[in-house]
Amino acid sequence: MAVPHNKTIFSGIQPSGTLHLGNYLGAIEQWVRLQENNRAFYCIVDAHAITIPYEPSELSERILHTAALYIAAGLDPEKSTIFVQSHIAEHLELAWLLATITPYGELTRMTQFKDKSKKQAQSTSLGLFSYPVLMAADILLYQTEIVPVGEDQTQHIELTRAIATRFNKRFGECFTLPTAYTNPRTARIMSLTDPTKKMSKSDDPKTYLSLNDIPDDIRKKISNAVTETEPVFSFTQSGPAVKNLLAIYEALSAAPRDTIEQKFTGRGYKEFKEELAELIISKLAPLQERYRNIRAQDDELRILLGRGKHTAKQVAAQTLARVKEAMGLL
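Remember, predicted model here, so these are calculated numbers, not experimental data. Residue indices begin from 1 for each chain and proceed along its sequence in written order. The predicted nature of this model means local features are confined to residues of pLDDT at least 70 and side-chain atom pairs, given and counted, to a pLDDT of 80 or more, with totals for whole chains, interfaces and linings taken over all residues. Hydrogens and waters are ignored; side-chain quantities use all the structure's heavy atoms.

**Q** Talk me through the overall build of the protein chain; I want residue IDs and the actual numbers.
**A** A tally of regular secondary structure across the protein chain gives 14 helices and 5 strands. Against the 2.2 N^0.38 benchmark of 20 Å for 330 residues, the protein chain shows a C-alpha radius of gyration of 21 Å, consistent with a compact globule. Within the span of the protein chain, comprising 330 residues, buried residues form 51% of the whole. Note on definitions: a residue-residue contact is assigned when non-hydrogen atoms from the two residues lie within 4.5 Å. When contacts within the protein chain are restricted to residue pairs at least 6 apart in sequence, long-range pairs at least 24 apart make up 76% of them. To measure how exposed things are, a 1.4 Å probe is used in the Shrake-Rupley method; for residues, cover is taken only from the protein chains shown. Carbon and sulfur atoms provide 52% of the accessible area of the protein chain, an area that totals close to 15400 Å². Counting rule for charge: Lys and Arg are taken as positive, Asp and Glu as negative, and neither His nor the chain ends is counted. To locate a charge, take atom NZ for lysine, CZ for arginine, CG for aspartate or CD for glutamate. Each charge class in the protein chain was averaged separately, 39 positive and 38 negative side chains, and the resulting centres sit 4 Å apart. Labels follow the DSSP assignment, with helices taken as runs of H or I lasting at least four residues and strands as runs of E lasting at least two, numbered in each case from the N terminus. Here the globule rule is a power law, 2.2 Å times the number of residues to the power 0.38, and the radius of gyration is based on C-alpha atoms. Three labels apply to residues, based on accessible area from a 1.4 Å probe with only protein chains included: buried if under 20% of the type maximum, exposed if over 50%, partly exposed otherwise in between.

**Q** Just give me the short version of the pattern of salt bridges, but keep the residues and values in it.
**A** Here, a salt bridge means any side-chain nitrogen of Lys or Arg that lies within 4 Å of a carboxyl oxygen of Asp or Glu. This model, assessed by the stated rule, comprises 17 salt bridges. Between Arg 219 and Glu 278 there is a salt bridge, with the nearest N and O atoms lying 2.7 Å from each other. One end of the pair, Arg 219, is in helix α10 (residues 215-223); the other, Glu 278, is in helix α13 (residues 269-295), with 59 residues separating them in the sequence. What makes Glu 278 partly exposed here is its relative accessible area of 37%. In this structure, the salt-bridge partner of Lys 263 is Glu 275, at a minimum N-O distance of 3.1 Å. On the criterion of sequence distance, the pair formed by Lys 263 in helix α12 (residues 257-264) and Glu 275 in helix α13 is long-range, its members being 12 residues apart. With relative accessibility at 38%, the residue Lys 263 sits in the partly exposed group. Since its relative accessible area comes to 25%, Glu 275 is described here as partly exposed. Within this structure, Lys 263, Arg 267, Glu 271 and Glu 275 form a network of salt bridges that share partners.

**Q** Please give an account of the environment of Ile 52 that cites residues and values.
**A** If you trace the backbone, Ile 52 turns up in the loop between α2 (46-49) and α3 (56-72). When the C-alpha positions of Ile 52 and Thr 8 are compared, they lie 30 Å apart, and in sequence the two are 44 residues distant.

Structure (structure tokens):
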């Protein structure tokens, strides 16, 4: 997929835990490229984070943590609008308005709700069920054209398009229809211990690589990552566990696949894992240093988020006013 130019971009990540390598390779790395020559809005979606059990005393720290990692990973506040979702009340108001035209049946088919509700059982909330409508509001508020997401989120973009189309037909043209943008090679980095599951910060820490992991922890996690019986290094013929590790190596090294395969053919998993761990450590070291410098100036970070709020608020308020007028609300 060609890199978009002169488009409006929107995406966001929950501050529900530390960001991991899957977040970086599948999302933030794309965001950094897309902030060039586009109008980019990157949100810390804290209202989504409270749809599952959480500790209120930890949330504000996690918001700052996520914002600092955004910037440390390469997002430039001079090029992108970086802001906190709950700072813009229009997100929540538009979500309610869109909920009034979203059929119950469409939400029951959402895969992520099914997966998360199984884990939560009796504590499943209305907020979790209506999560996709809030996500649609997030996107549509900014007249978004391109949404960089992982493959598991494309169903949400399809629902967003369906909601926008339904609204436009009933009330008049208010919303731009967004398109999902994915990197097929890194859109779905998998768990280190279960290659059938996406890498997730809500799982056991040994299953993912945090962007703030120290070198010894990275070496240990990669050393303990599951592999197959025989050491075959092939992007097409290896099993899912090794393919996942190869995908990480490819994304961080930028080396061609055939070069990577030739480099490790005939070698053992131990050697491969050692080289992969050192590659990860070397790539994360500059990001971690920038993160520490940013967190040493939290007041400045809060000011940057305030600037982002001001910019995002102007756009969001215009869209919401148009929507309310179209719906006949005073």
